[in-house]
Amino acid sequence: MSSSSIETIAVHTGEHSDPNHPASSPDLTMASTFLMDTAEGFSINAFEDERPLMYTRWGNPTTLLLEKKLAAMESAEACLALASGMAATSTLLLGLLKSGDHVIVTPIHYPGTSELIRDLLPRFGISSSVVDPTDTAAIANAITPATKMIWIETPVNPTLAITDIKACADIAKAHKIQLVVDSTLATPIATRPIELGADFVVHSLTKYVGGHGDALGGCILGSKATLETLLSEAHVHYGGVISPFNAWLIVRGIATLPIRMRQHEETAMQIALFLDQHPEVARVNYPGLPSHPQHDLAKQQMANFGGLLSFQAKNRKRLLKRLPRDFKLFHHAVSLGHVRSLICYVDTEEVISASYNLNSTQQSAYRDWAGEGLFRISTGMENADELCEDIANVLGN
């Protein structure tokens, strides 16, 4: 279905009707093991060609359906689904890097990714450098003979800064290293990094792709040969396997992803414009706003500006006190991409000390976006006017 629209791909790719019970919706296969017609090897390493279905840690019909849909939507050769976004992140990093290798990362990432790279990778002899992604010369200068990977996230959580994927891909290719893009916030509806030159894409499927806040999942997309290696080594032996039930729930979410992302964007834009004019708001971070410092770049590489935004409140402490109890529609909760609107607070001192390994210049740049802390909003499917009214009641009284 390579010539189909992404809306049609999201619904139909990988699906077929079982002649024994021709249900219109995809089946859920919860089996952990499968009957074998012939005597097969006991180890995954015994198979040189395509492996039969034997054990769900190696493969499962429901999981394979999820992987086919995602690969088609991201224009990737293959997809490997895992138990969470962090399972995907750790599998890719530990599966491709070894002691003595070096990875270049951008200053701000999802905190779990930053903590893994900063605190865990050095235990395995893997070093990293933090480089401003807007300075392509600095990225190129940070590359050493030991550098094997550049890892970026765009848009960035929680500042909504944008990284130029194509520029980073050009640098990576020139130095024969791999570019990984965490595209969780963009989703394949907004950006398909492989089409821009990236080698791998990572998603937390828990967020927008699943879309309902009820299923953990993650995935890696890239070349078939590399993902086969990851399946045979990191995936099988690390064991970060997605439950078939979660895979089935996420497949259900994919069908409505294009429609949901349109609604997320429309609502986020309305809220961002509302906040941008509010006297109690110091700054709004949203790629769709003309005031966003990288709005032009966002327009170039994003077909949808997404449903996440963040803002600085002038009276931060007052809003913090009201946050848990006074919102009527917003849930005070972490995560994002749900059908319900969520709001949480990201304290600058806490996230810098606990998650980010930033020098003084990088800390100053982060504070330009975040101030003393950011209130992060994930827009849901509610009426945008009513969400703005809910915010106004909390900010204005």
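This text gives an overview of the structure that appears in the document. Every value quoted in this text rests on a predicted model; they were computed, and no experiment measured them. The written sequence of each chain sets the order in which its residues are numbered from 1. Whole-chain, interface and lining totals are the exception, using all residues; otherwise, since this is a predicted model, local features are given only for residues with pLDDT of at least 70 and side-chain atom pairs are given and counted only at 80 or more. Note that water and hydrogens are dropped before the side-chain values are worked out from all heavy atoms of the structure.

Bringing unusual backbone geometry into the picture now. Peptide bonds are, in most cases, trans, and in most cases residues other than glycine have a negative phi. The residue after Thr154, namely Pro155, is reached through a cis peptide bond having omega -10°. Where helices and strands are cited, they refer to DSSP runs of H or I of at least four residues and of E of at least two residues respectively, numbered from the N terminus. By secondary structure assignment, the location of Pro155 is in the loop between strand 4 (147-153) and helix 6 (165-174). Omega for the peptide link from Asn157 to Pro158 comes to 15°, which places this bond in the cis form. Looking at the secondary structure, you find Pro158 in the loop between strand 4 and helix 6. If you check the backbone angles, Ser75 has positive phi at about 55° while not being a glycine.

Let's shift gears to the packing of helix 9 (residues 244-276) against helix 14 (residues 384-396). The angle between the axes and the distance between the axes are what describe a pair of packed helices. What counts as an axis is a line fitted to C-alpha atoms, over the stretch in contact for a helix, and the angles between N-to-C directions run from 0 to 180 degrees. Where helix 9 meets helix 14, the closest approach of the two axes is 9 Å, and the angle between their N-to-C directions is 30°. Relative to helix 14, helix 9 is oriented roughly parallel. Crossing hand, helix 9 versus helix 14: right-handed. Residues Thr267, Gln270, Ile271, Phe274 and Leu275 of helix 9 touch helix 14, and the partners they reach there are Ala384, Asp385, Leu387, Cys388, Ile391, Ala392 and Leu395. In the scheme used here, Gly and all other residues not listed as nonpolar or charged are polar, with Ala, Val, Leu, Ile, Met, Phe, Trp, Tyr, Cys and Pro taken as nonpolar and Asp, Glu, Lys and Arg as charged. Of the residues belonging to the contact of helix 9 with helix 14, the class tally is nine nonpolar, two polar and one charged. Roughly parallel refers to an angle under 35 degrees, roughly antiparallel to one over 145, roughly perpendicular to one between 65 and 115, and oblique to any angle outside these ranges. We call a crossing left-handed when the near helix sits turned anticlockwise from the far one by less than a right angle, and right-handed when that turn is clockwise. Contacts are assigned to residue pairs that have any heavy atoms within 4.5 Å of one another.

Attention now moves to the pairing of strand 1 (residues 78-82). Taken across its five residues, strand 1 has five buried, putting it largely inside the fold. Residues Ala78, Leu80 and Leu82 point to one face of strand 1 and Cys79 and Ala81 to the other, with burial holding for every one of them. With a 1.4 Å probe rolled over the protein chains alone, any residue whose accessible area is under 20% of its type maximum counts as buried; one over 50% counts as exposed, and the rest are partly exposed.

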